[in-house]
Each structure stands twice: as structure tokens, then as C-alpha cells.
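As a plain string of letters, each chain reads:
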Amino acid sequence: MLRATLKSLLARKLRLILSGLAVVLGVMFVSGAFVLTDTLGRSFDSVFSSAYSQIDVAVSAKPKIAVSELEGEQIAANFPTSTVDKVKAVPGVAKATGVVAADGARVIGKNGKVVTSFGPPQLGGNWIGEDELVQLREGRGPTSDNEIVVNVTVAEAAKIKVGDRVGVLTLAPKREFTLVGVFGYSGGRDSLGGVQEVMFTEPIAQQLMLGERGVYNNVSVEAANGVRATALRDDIGRVLGDQYVVKTGKQLSDEASASLKEGLAFFNNILLGFAGVALFVGIFLILNTFSIIVAQRTRELALMRAIGGSRRQMIGAVLVEAVVIGLIAAVLGLAAGVGVGALLAYVFGQFGGGLELAPIGVPPAAVISAFVVGLLVTVVAAVLPALRASRIPPIAAMQDVATPDRPLTRITVAGAAVAAVGGALLALGLTGNAGDNTLWTILGGVLVSFIGVALLTPLISKPVVSLLGRIFSWSVPGKLGRLNSGRNPRRTAITAAALMVGIALVTGVTVILDSAKSSLTALAEDTIQAELVISGAQTGPRPPSFDAAVLDKAAALPDVKAVAGMYGDMAMVGTERTYVTATSNVSALRDIYKATPTAGTIDALGPNQLFVDAKTARERGLAVGATMPVQLSRGEQQTYTLTGIYAESELFGGFVLPVAAATNFTVPQPIQAYLQLAPGASVDQVLPQVESLLKDSPEVSVADRASFIEQQTSQFDQLLLMIQVLLALAILIAVLGIVNTLALSVLERTRELGLLRAIGLGRAATMRMVTVEAVVISVFGALLGVVVGAGLGAAVVRALRDDGIKNLVLPWSQMAVFIGLAALVGVIAAVLPAIRAARLNVLGAIAHE
């Protein structure tokens, strides 16, 4: 029986290729994700190991506020020179060096624009000199307060060379320096993991990067010969006390690597999620393929039953084919995944600032997942066809190959039940009643809903396909194509359902993001009462900022009525960490943000006073006159008094501090500003004047309100594009499913096609007939996907109504594009099957059994 199964498999190589291709693509996505994250993880291991190779022990002060990477940048507290002296006095210390190293040194390039970084920090620090790791490539180190050195990565990105005057943005506004040197790292490296570094003289580094002179934020310690780093770490810790963090260089390397790998794991999970969608679609393809094959081999399988084959052997025969296909697909998918992972790692390295990649490796997770996924998907998809094959009676050997279509009652009832379960899970998750499992409940609901819709699809496929086919019924080939597409509702439904999943997800996400974009736009237009806005695009943990002097200069313009500069940072207010803002013009809050007082006054803020929105006040039980301790990123804790409570707004809320407090923010400069113009003033006249004030603040620009809102909401468009690209693989697999179904259908109808050709149907007409069938199935799948996706998207939008997404937007134009593209996909998918059908030998086809 095994030999007969293998021979049958080898006799149908095209079937093997088409069935396995979907699994190959899915496995490629899965294994590629593991190869990519493994390569990047080992690359950063090497980077961090090199970065801390010259450090036996490092000392830093505990940060004033613990901040997660998603919340912003955590900065270590400053400490005085006396701390370095204490460390030097610890027995076993050979050398202790005070270090300034802080993110936020942004170089202005030759083109007048800030050199950006998508991920790696932009460090500014004090030049300590060359060592085994740091090596000057050109020039010398800085000796004067107006001199700097930069690493090669910065020099190349900014297109600057030794002798140039270079503008640098730090905690202070733009300041120009002379570039006197360019340095690199051992091994010919231009940077450590793409990090951009600017080095100043020590006093300037302290002033510009830490905000005050005579302080450091790190101590680099070299242990004496024979002294273990761990023992020295413990000794230094005992001397300094619990206000300091003392770690070995190896600890710092391991922790930095572990933190980065957490981010890579999150990225890996996203890729695996999209791979899961592709594999889910692949199950439909394989299920349909095996179902058609079993139908075509009815006589063959019945003969096997007639000569003694058992039901168990029939099931085994089909599952063996699935296992063989799964194994071959896993091997090919793993090989392709290694290639894709290597390519993506290379691209990441180039865009990540020239990261030096570790050798490409194949982690065990990639191999295991490739074979588990490859076998599991094919075997699961083949189970139902295998059971169907086992039920073929021996008497079928004497009957025609064609199998009658079965009633749809059972599958319809099952589909309704499954869809109801999926809807219940979605409702549970979207209403917030799933507790900590909200995300998994929603994802499970979507998956179960898709299965339920797929089971219900045969019920509606025949009438809908017949209706769609009437568009092409003006010719004989069109009529035949319409009839063929509706001939087997189950087959048509499974093929269309594969395309439905991808289209539904894209449509659903589009509905959600377009609704969010529309809601945010409407809210901003109603809330922000300013004609001009100064802002910039944030590409890292630090928001772009500008010189605070611009605020006074802008307010002095004759056509400007009011200016409000906005500052922001994380702070510890009472016992809770929260985001706080400060504004240069408290009285403008009423006019610009429509802020209205509900208690106390919001017209002025004293040195130790603050406001809060009504919602936060209720949640914390605060009333006017309440006092609370506030700890900012820098400086000491201070006590503030609540003097005003304002009505909450979905765009503006939280605690508002006096502008003087911003000096202790992570970014002590304004990050946004809102300008109200005088009555009758023209935006076109004032905007260029404000632009000229920003010539030394290249991180930001000024725009009218409509352009500013469009800039803020454009992030939704970028997110949508990324999701569409990742879902393209699932749609590609669905297209392969249409090709596969048509190819096997042509093979199944060989005799029928021969008879049609014999009675006068030409080759061109035969190709049109197959094309119509493909287009009808594709458009049916797209229609189904658009309807299901719009429904899911609308449900999510309704659930998010209390979170500010109040406008439901159905992207009619994009949905029409999806349906149009589906028709095009049908035409493309029909090319090879149509050519095969047109080239059939008429006499041979008539004699075919």
C-alpha cells in the first residue's frame, strides 16, 4: 500500500508542487523570522561585549524616575566629582575615570538637517582619549571648549570632515564647534552597533549633556591585577551605598543584550503572527487540493478497497502523501527562510547604522518550527479528505469518477455554531471582560469567526457566484464559466475562503485605522484653536525640540495674538508615575485647548503650583488645595499645591506644571508650540516669519493646523502600509489556491473539455471560459472578505468608542480597489490552467477516463 501511495504521488508531480508551495511560503516566513532574530541577537551580543570590554566595573547613580523604553528615555542621576574620588580610594581599584555619556547629541549635517537615528542612541560625552577600543582615524582629540570629535558613522552621515564648523543640538540650543578629529573602533569598525557619538571637552560635555558642570553620570573602573571584578563590585557598592548602581562590565553587557533581545522577541512574535495567517490560508489550499484529488481518484481508491484495502489503509495513504509533501515543503521552506532571514538581517544592518552582522546561523528553533509547522499544516489539512477517502465503497469502482455533491445542512449548522462562538469571543474581548487575556480572546475570536464564515460559505456560494457570473453571461464561454464556478459549492467556497481571510484582515485593519484617523482629525480640529503649530517628527526616545527663545520672538510678531510653548516628560507625582506637561503661557490654555476650569483657577501658576484635569482628580481623590510630592527626571523632589482643576479633554490632560519646572525635564526645551493669530492676520504671511525664527532649530518646522493634523495622522497610513505588505504573503497563497483549483479542475474535466472542443468551442473560447471561472471565484472571495472585514472593523470601532474613536469610516474606494484587484488576480491565476485547457488534444481528451 505504501509503494502504491508513493507511486501515485510521483505520478502527479504538479499536484505535489502546487500543494507544497503554500507550505513552503509559510515555513519560509516562520524560519526566516527565527534566523533574522538569532542573527541580530548574536550581532548585538558582539557589540555590547566590545562596548564594555574595557570596563571591569561601572558605577552610576540610580535614576530619579524609572522609565520603560515605551514611555521614553531613562536618564541616570548626576553625581559630583567626590563620588569618583571615593571609588578611586577603594582597595583593588587601579583606575577610576569619571564619564559623561548621555543620549541627545544631534549633529546638523552639511545639508542643514539633523542627522537622525532610527534606534541606536546619539551619545554625547567627554573625550577621555584613545585606548584598545577607541582609535582616532583622523585629527586629534578636543582640547578647547569649541572643539569636538565624532565617530566615523556621524562624519559619514553628516558629510563633515576635520576642520569643518559643525552645529550640535544638546540640552542647550544649537551651538557650533570645530571638528578636530574622527574616531573609530578596533577591528576597523565605524561605530558600535550604529551608535552616533559626539565627544566634547569635559566641562562642555557636563554642561551640554548633563545640565551642570562638575558632575558625571558614570564611573568606569579598571581593577588592579589579580582582583576579581565581582569582588571589586561588591566592595565599591558597600562604600557608595544603595543610592548607586554598581555592576561589572559583563553584567552590563548581558543586561543590554537581554533588553535588546526582548525587543527582538516582540518583533519576532509579530512576524510569526503574520506567518500564522499565511499558514492558516495555506490550510484551505491544501484541504481543497486533497479534496479534489480524492474526488478524482474515486475509482482508483474504490479498486484498492475492492482488492482488500481497509479503511485504515485508505486514510493512511492520503496522510502519507500529506507527510511527504509536508517534509519536502519544510526542507525547502527552511532553506528559503535562511536566505530571507539573511537578506533581512543585511537590510537591518544597513539601515541600523552599519551594524556589523554576526555569521548567519540556523538556530534550533528555526529547524524545529519548520518541520513541526510543515507537517502539522499538511496533515491537519489532509484529515478530512482522508476520512472521505476511507468512506468510498468498493462498488464505486464500477461507477463514473464524478462524485455527487452532498447536502449542505450539516456544514451549515456547524458553521453557524462556530461563527456564534467566534462572535461571543470577540464580544467578550472587545468589551474588556476577558481580564488579562483580552488580546488572546480577540485573536481567538477572529480565528474562530473566520472558520465559521468559511463553513457557511458553501451555503451562499452558489447563488452569489451565479449572480456574479451573469456579468459575463453575454457569451457562451461566459455562461459556461459561470456554470462551472457554481458547479461545486464546497470547492468554490474553500477556494474563495482562502482569499477571503487576507482581504478581510486588510479591510478590517483599514476600517479601524481610517476610523481612528478620522476621529483624531475631527477631535483635533475641534479642540486645537491655533492657526500655526511648531512641531517635529519623533524618530527615537527623545522628542524633537527647539530653542525656547523662539517663543518670545514669535509672540513679538505683530500678527501673532498668543503663543504657548509645550514641554513634556515622565514624572513621579505622589506615588504614581505619570506624564506631565508644562507650558510657557498658562492663560492661553483656555483659548488654544478650550480648557475650562471646574474648580479653582487655571489663569496662572506659581512656582510650586500645578493644575490637573477633572478625570485624574476624581481617580486620585484630589481637590483644590491638596499638596503632593513631585519628582522630575533631574533635581530634587519638590512639593506642589493643586490650585486648579480643568475639564478633561481627549487631546489634553494630566498634570500641568509651571514652565520653570521644565529645566528638570529630560528635554528642557519646548517640544511643541501653538500660535494664535490676530484677527484678520494671514497664515501665509506669518508662516514664513516663524520659519525664519526656526533656522537654528532644524528638528522642527512650522505648519498650519490642517497640515499639522495631517502630519500626526500620517502614522496611521504608514502602519496600514506595513500591515498590507505583511499580509501580501497570505493573499499570494490564496492566489496559488485559485491556480491549483483551476489546474486540478481542468484535469478533472478533461473529457468534458474534449467534448466541448469537438462540438465547436475554440481554443480562445476555452481560455475565456476558464478565465471567467477564475474571475468569478476571485471576486466572490474578495466580496466575502470585504464584507467580513468591514463587519469586524466596525465591531472594533464600536468597542473603542469610549477611547475616542467615534467616527466609523468605511473605505469604499479601497474596498472597490480590492474587488478590482481580485478580478485582475483571477485573470492572472487563470493563465496557466487556461492555456493547458486550450491545448488539450481533442481525441485524447474524449478518450480520457
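Residues numbered from 1 in each chain as written. Predicted model: local features only at pLDDT ≥ 70, side-chain atom pairs only at ≥ 80, totals over all residues. Heavy atoms only, no water.

## Some details on the overall build of the chain
This is how it is decided: What counts as a helix is a DSSP run of H or I of at least four residues, what counts as a strand is a run of E of at least two, and both are numbered from the N terminus. Burial here depends on accessible area, computed with a 1.4 Å probe over protein chains only, as a share of the maximum for the residue type. Under 20% is buried, over 50% is exposed, and the range in between is partly exposed. The criterion used for residue contact is that any of the two residues' heavy atoms lie within 4.5 Å. Residue burial considers only the protein chains on display, and all accessible areas are found by Shrake-Rupley using a 1.4 Å probe. Counted as positive: Lys and Arg. Counted as negative: Asp and Glu, with His and the chain ends omitted from the count. A charged residue contributes its charge at one atom only: NZ of Lys, CZ of Arg, CG of Asp or CD of Glu.
When its secondary structure is counted, the chain shows 24 helices and 24 strands. Taken across its 849 residues, the chain has 50% of its residues classed as buried. Sequence separation of at least 24 residues holds for 81% of the intrachain contacts in the chain that already meet a minimum separation of 6. Summing over all exposed atoms, the chain offers an accessible surface of approximately 37800 Å²; the carbon and sulfur share of this is 61%. Charge-centre separation for the chain: the mean point of 68 positive side chains lies 17 Å from the mean point of 63 negative side chains.

## What to know about the sheet that holds strand 13 (residues 218–223)
To be explicit about the condition: At least two DSSP bridges between two strands are needed for those strands to be called paired. Throughout, an axis means a line fitted to C-alpha atoms (over the contacting stretch in the case of helices), and angles, computed between N-to-C directions, take values from 0 to 180 degrees.
Strand order in the open sheet formed by four strands is 3-13-1-14, and the pairing between neighbours is antiparallel. Each edge of the open sheet is held by one strand with a lone partner, namely strand 3 (93–99) and strand 14 (244–248). Strand-to-strand twist in this sheet, taken as the mean axis angle between neighbours without regard to direction, amounts to 20°. Where strand 1 (residues 57–61) meets strand 13, three bridges bridge the pair, whose relative direction is antiparallel. Residue Val-59 lies in a different strand from strand 13, and its bridge partner there is Val-219. Sitting on the sheet, helix 3 (residues 81–88) touches strand 1, strand 3, strand 13 and strand 14, and the angle it makes with strand 3 is about 165°.

## Regarding the packing of aromatic side chains
Going by this rule: Only Phe, Tyr and Trp rings take part, Trp by its six-membered ring, and two of them pair if their centres are within 6.5 Å. Stacked means planes under 30 degrees apart, edge-to-face means over 60, and tilted covers everything else.
Within this structure, the stated rule accounts for six aromatic pairs. A ring pair is formed by Trp-127 and Phe-183, whose centres lie 5.5 Å apart and whose planes are at 50°; its orientation type is tilted. In this pair, Trp-127 sits in the loop between strand 6 (122–126) and strand 7 (134–139) while Phe-183 sits in strand 10 (residues 175–185), placing the two residues 56 residues apart along the sequence. Centroid distance Phe-183 to Tyr-185: 5.8 Å. Interplanar angle 75°. Geometry classified as edge-to-face. For Phe-183, a relative accessible area of 1% gives the class buried. Of the aromatic side chains, those joined through ring pairs into one cluster are Trp-127, Phe-183 and Tyr-185.

## A word on the environment of Val-656
As for its position among the elements, Val-656 is in strand 22 (residues 655–658). Setting aside chain neighbours within four positions, we find Val-656 in contact with Thr-581, Thr-583, Leu-605, Gln-609, Leu-610, Phe-611 and Tyr-646.

## Details of helix 18 (residues 683–693)
We apply this condition: By definition, the arc is the one covered by directions from the helix axis to the C-beta atoms. N or O atoms closer than or at 3.5 Å make up a polar contact, with two conditions inside protein: a donor-capable atom paired with an acceptor-capable one, and, for residues adjacent in sequence, both atoms drawn from side chains.
Residues of helix 18 that are buried: Val-686, Leu-687 and Val-690. Buried positions in helix 18, seen along its axis, are confined to an arc of 105° and lie on one side of it. In helix 18, the exposed positions that point more than 90 degrees away from the buried face belong to Asp-684 and Gln-685. A distance of 3.3 Å separates the backbone nitrogen of Asp-684 from a side-chain oxygen at the start of helix 18, and that oxygen is part of Ser-682.

## Overview of unusual backbone geometry
Phi at Lys-159 takes a positive value of approximately 55°, unusual for a residue other than glycine. Residue position: Lys-159 is located in the loop between helix 4 (152–158) and strand 9 (165–169). What makes Lys-159 exposed here is its relative accessible area of 63%.

## Details of the packing of helix 12 (residues 438–469) against helix 21 (residues 763–799)
Note the following rule: For classification purposes, an angle smaller than 35 degrees is called roughly parallel, one larger than 145 roughly antiparallel, one from 65 to 115 roughly perpendicular, and anything else oblique. By convention, the crossing between two helices is left-handed when the near helix turns anticlockwise from the far helix through less than a right angle, and right-handed when the turn is clockwise. Gly is put with the polar residues, along with every residue not named as nonpolar or charged; the nonpolar set is Ala, Val, Leu, Ile, Met, Phe, Trp, Tyr, Cys and Pro, and the charged set is Asp, Glu, Lys and Arg.
Taken N-terminus to C-terminus, the directions of helix 12 and helix 21 make an angle of 130°; their axes are 10 Å apart at the nearest point. Relative to helix 21, the element helix 12 lies oblique. Considering how the two elements wind past one another, helix 12 and helix 21 form a crossing that is right-handed. On helix 21, the residues that touch Phe-450, Val-453, Thr-457, Ile-460, Ser-461, Val-464, Val-465, Leu-468 and Gly-469 of helix 12 are Val-776, Val-779, Phe-780, Leu-783, Leu-784, Val-788 and Leu-792. A class-by-class count of the residues in the contact of helix 12 with helix 21 yields 13 nonpolar, three polar and no charged.

## As for the nonpolar core
We apply this condition: Grouping buried Ala, Val, Leu, Ile, Met, Phe, Trp, Tyr and Cys residues that are joined through side-chain atoms within 4.5 Å yields what is termed a nonpolar core.
Core analysis: the biggest nonpolar cluster contains 86 residues, and Phe-284, Phe-450, Met-500, Val-501 and Ile-733 have the highest contact counts within it. The greatest single-element share of this core, amounting to 14 residues, is contributed by helix 7 (residues 249–296). What Val-501 contacts, discounting residues up to four positions off in sequence, is Val-277, Phe-280, Val-281, Phe-284 and Phe-450. By size, the runner-up hydrophobic cluster in this structure holds 44 residues, among which are Val-59, Phe-79, Val-107 and Leu-210.

## Looking at the pairing of strand 20 (residues 627–631)
Look at any regular strand and the pattern is simple: side chains alternate between the two faces of the sheet. Where strand 16 (residues 560–573) lies against strand 20, two bridges are found, and the strand directions are antiparallel. From the neighbouring strand, Val-573 faces strand 20, where its bridge partner is Val-630. Direction of pairing for strand 20 relative to strand 21 (residues 638–646): antiparallel, over a ladder of four bridges. Each bridged residue has a counterpart across the sheet, and for Met-628 the counterpart in strand 21 is Tyr-640. From the end of strand 20 to the start of strand 21, which pair antiparallel, there are six residues, and Gly-635 there has a positive phi angle of about 80°.

## Focus on the pattern of salt bridges
Selection criterion: In the sections that follow, a salt bridge refers to a side-chain nitrogen of Lys or Arg positioned within 4 Å of a carboxyl oxygen of Asp or Glu.
All told, the structure shown has 16 salt bridges when counted by the stated rule. Between Glu-636 and Lys-64 there is a salt bridge, with the nearest N and O atoms lying 3.3 Å from each other. Separated by 572 residues along the polypeptide, Glu-636 in the loop between strand 20 and strand 21 and Lys-64 in the loop between strand 1 and strand 2 (79–80) bring together distant segments of the chain. The class for Lys-64 is partly exposed, based on a relative accessible area of 28%. Taking the shortest distance from any N to any O, the salt bridge between Arg-233 and Asp-234 comes out at 3.1 Å. What you see here is one network of salt bridges that share partners, running through Lys-110, Lys-161 and Asp-164.

## Remarks on the confidence of the model for the chain
Threshold: On a range of 0 to 100, pLDDT expresses the predictor's confidence in each residue.
Chain-level pLDDT for the chain is 83 on average; 90% of the residues reach the 70-or-more range. Across the chain, the element-wise mean pLDDT spans from 56 in helix 1 (residues 2–10) up to 95 in strand 8 (residues 147–151).

## Observations concerning the pairing of strand 8
The buried fraction of strand 8 is high, at five of five residues. With five bridges connecting them, strand 8 and strand 10 associate as parallel partners. Bridge pairing in strand 10 places Val-150 opposite Val-182. Of the strand pairs in this sheet, strand 8 and strand 11 (residues 196–200) are connected by two bridges, and their pairing is antiparallel. Each bridged residue has a counterpart across the sheet, and for Val-150 the counterpart in strand 11 is Val-198.

## Quick word on helix 3
For helix 3, the complete set of buried residues consists of Thr-83, Val-84 and Val-87. Along the axis of helix 3, the buried residues cluster in a sector spanning 100°; they form a single face.

## So, the side chain of Arg-233
Considering the arrangement of structural elements, one finds Arg-233 in helix 6 (residues 229–240). In this structure the side chain of Arg-233 is engaged in a polar contact, spanning 3.1 Å, whose partner is the side chain of Asp-234. Polar contacts involving the side chain of Arg-233 include one to the side chain of Gln-251, which spans 2.9 Å. Those residues in contact with Arg-233, other than ones at most four positions away along the chain, are Val-57, Val-246, Lys-247, Thr-248 and Gln-251.

## Concerning the environment of Gly-226
Mapped onto the secondary structure, Gly-226 falls in the loop between strand 13 and helix 6. A relative accessible area of 85% means that Gly-226 is categorised as exposed. Between the C-alpha atom of Gly-226 and that of Val-550, which follows or precedes it by 324 residues, the distance is 57 Å.

## Quick notes on the side chain of Ser-257
Note on placement: Ser-257 falls in helix 7. What makes Ser-257 buried here is its relative accessible area of 7%. Beyond its immediate sequence surroundings of up to four residues, Ser-257 is in contact with Asp-45 and Phe-48.

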